[in-house]
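One letter stands for each residue in the lines below.
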Amino acid sequence: MNRREFIKINVRMALAGIALAGTQGLPTMLGVSTSHAASSVNLTIQPVLWEMVDGIQVNAWAFDDGSGPRIPGVIVNALEGEQVTFNITNNNSIPHGFGLWNGTQILPGTTIASIQPGGTGSVTFTAPAAGSYMYVDPLNWPLHRVMGLNGALFVKPQNAVLPNGNRIPYSSPPAAMQELFSDFGKVSYFPGDDWDPARTWLWMFHSVDPNWNQTIQTLACDGNAAGIAASVASFTTTYTPQYFLINGRSGHWSGHEPDTAPYGNVGMPALIVSMNSGLNAASPHIHGNHVFELAANGTVKDNLIFLDTWSMLSGDIKSHLLPFIIPPDTINSPEDPAAWSAAGGVPKVEVASGVLRSQFPFVYPMHCHLETSQTAAGGNYPNGSMTHWSILSPTIGGPVDPALIGKHPDRRIFGDPDPRGFTNSVGL
Ligand SMILES: [Cu+2]
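Please read these numbers as outputs of a predicted model, since none were measured by experiment. (Residues numbered from 1 in each chain as written. Predicted model: local features only at pLDDT ≥ 70, side-chain atom pairs only at ≥ 80, totals over all residues. Heavy atoms only, no water.)

Another aspect to go through is helix α3 (residues 175-183). Turning to α3, its buried residues are Met177, Leu180, Phe181 and Ser182. Residues of α3 that are buried sit in contact with β19 (291-296), β20 (299-300) and β22 (317-322). Phi turns positive one or two residues past the end of α3, at Gly185, with a value near 80°. (Buried < 20%, exposed > 50% of the residue type's maximum accessible area, 1.4 Å probe, protein only. Helix = DSSP H or I, 4+ residues; strand = E, 2+ residues; numbered from the N terminus. Contact = heavy atoms within 4.5 Å.)

The subject of this paragraph is the side chain of Asn213. Considering the arrangement of structural elements, one finds Asn213 in helix α4 (residues 210-221). Not counting the four nearest positions on each side in its chain, Asn213 is found in contact with Asn59, Ala60, Met147, Val208 and Tyr239.

What follows is about the coordination of the copper ion. In the first shell of the copper ion, the protein supplies His285 (ND1), His287 (NE2), His367 (NE2) and His369 (NE2), at 1.9 to 2.7 Å from the metal. Angles of 82 to 174° at the metal separate the 4 donor atoms of the copper ion, which places the site in the irregular class. (Donors = N, O, S within 2.8 Å, 3.2 Å for Na, K, Ca; no water. Tetrahedral: all angles 85-135°; square planar, octahedral: opposite > 155°, others 65-115°.)

Here we come to the packing of aromatic side chains. On inspection of all chains with the given rule, the structure shows 19 aromatic pairs. Note on Trp101 and Trp141: the rings are 4.7 Å apart at their centroids and 45° apart in plane angle, and the pair reads as tilted. On the criterion of sequence distance, the pair formed by Trp101 in strand β9 (residues 96-101) and Trp141 in the loop between β12 (131-136) and α2 (143-146) is long-range, its members being 40 residues apart. For Trp101, a relative accessible area of 10% corresponds to the buried category. Their ring planes at 90° and their centres at 6.1 Å tell us that Phe181 and Trp195 sit as a pair that is edge-to-face. Within this pair, whereas Phe181 is found in helix α3, its partner Trp195 is found in the loop between α3 and β14 (200-208), the two being separated by 14 residues in sequence. What makes Phe181 buried here is its relative accessible area of 0%. A residue is classified by how much of its surface remains accessible, and Trp195, at 3% relative accessible area, is buried. Cluster of aromatic residues (ring-pair linked, three or more members): Phe181, Phe184, Tyr189, Phe190, Trp195, Phe292 and Phe306. A cation sits over an aromatic face here: Arg145 above Trp141, 4.7 Å from the ring centre. Above the plane of the ring of Phe324 lies Arg199, whose end atom (NZ or CZ) is 4.9 Å from the centre. (Phe/Tyr/Trp six-rings, centres within 6.5 Å; stacked < 30°, edge-to-face > 60°. Lys NZ or Arg CZ within 6 Å of the ring centre and 35° of its normal.)

Here you go:
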């Protein structure tokens, strides 16, 4: 597969005299799969051209961790209580800032008030309580964030083991959450393994209005910071998004990418962290399994609602646990691990007279139910805010066979050969 070059440094800005730290003109792959372990993170704020799913390039601002500009920025991992330093260099032509957002506020002590063009600012703070945070440029809130200056910080607990040895993502989890995480791999409803911190996925929802981004970028190129500040009110009230994205991509670009589409076997529970860095709301709906709502905007939940749709208002940060149980709609043994295994573990479906095919991978969609995104730029499918999750094999529990990751029959319509060797043009 040809890797797409989603994002590149804005050459117009480069010609305008902005220092580019040796990466001038280099196009870069956009993704969130790489991550930094804190405690010191160097990021450069960079004007970029960002390619949308229909080939249109829009103006945006991005954090560059040295591997190229990304929207959202690279995922940063930290341990609760450790010292974390962010060094932010400003390669744009207006002042920028920095801070850590928990869903309701910028946390005191995490901010850099102003970084002048060409300058660098630093902040060192103690990693807050275990959970999920968005690092942002909070200036002209939320305009700089919506222009692309956002990324995720995951804080993990120092001691994350329950009495029965199972792992859990919070330091002082309420009783119901302790019971849920203790049950993984221990009761028949949750066969397989306990939760593994490595099984954490980010869904950063975002939206783009190319016209407003162009207007703001034109003001930035002129160094007109006052003009941008004066635009915030109309920006937030007249912004008309045309593109809806997850982790910086839409539709078939986010549909099966392993850093966006959770995968595993039955019995490999996964943590999904949803954030909304955009301006409009999102309403994720997941098929196949329901999820448990663990936390919302800094509050860890005691009442773990089991749901399949949740709302993501602008700026929201929520965490959900996707249990990876046997989906109730399988043709063999709904919610019954013993019968699943007894059936040979390989449910088959007849695709032509006498031709049986394995049903695996089981692939379920996750898409946004809000009408604005479902009707944008060609509609929810294939251009909007959507991805999938998949059960790769009939095995219960890990490990995952790496040969199966990201291999889905419908990927071939975008140029890949079918991973299972099928030559018919209409896949399952
Ligand atoms: Cu749906």
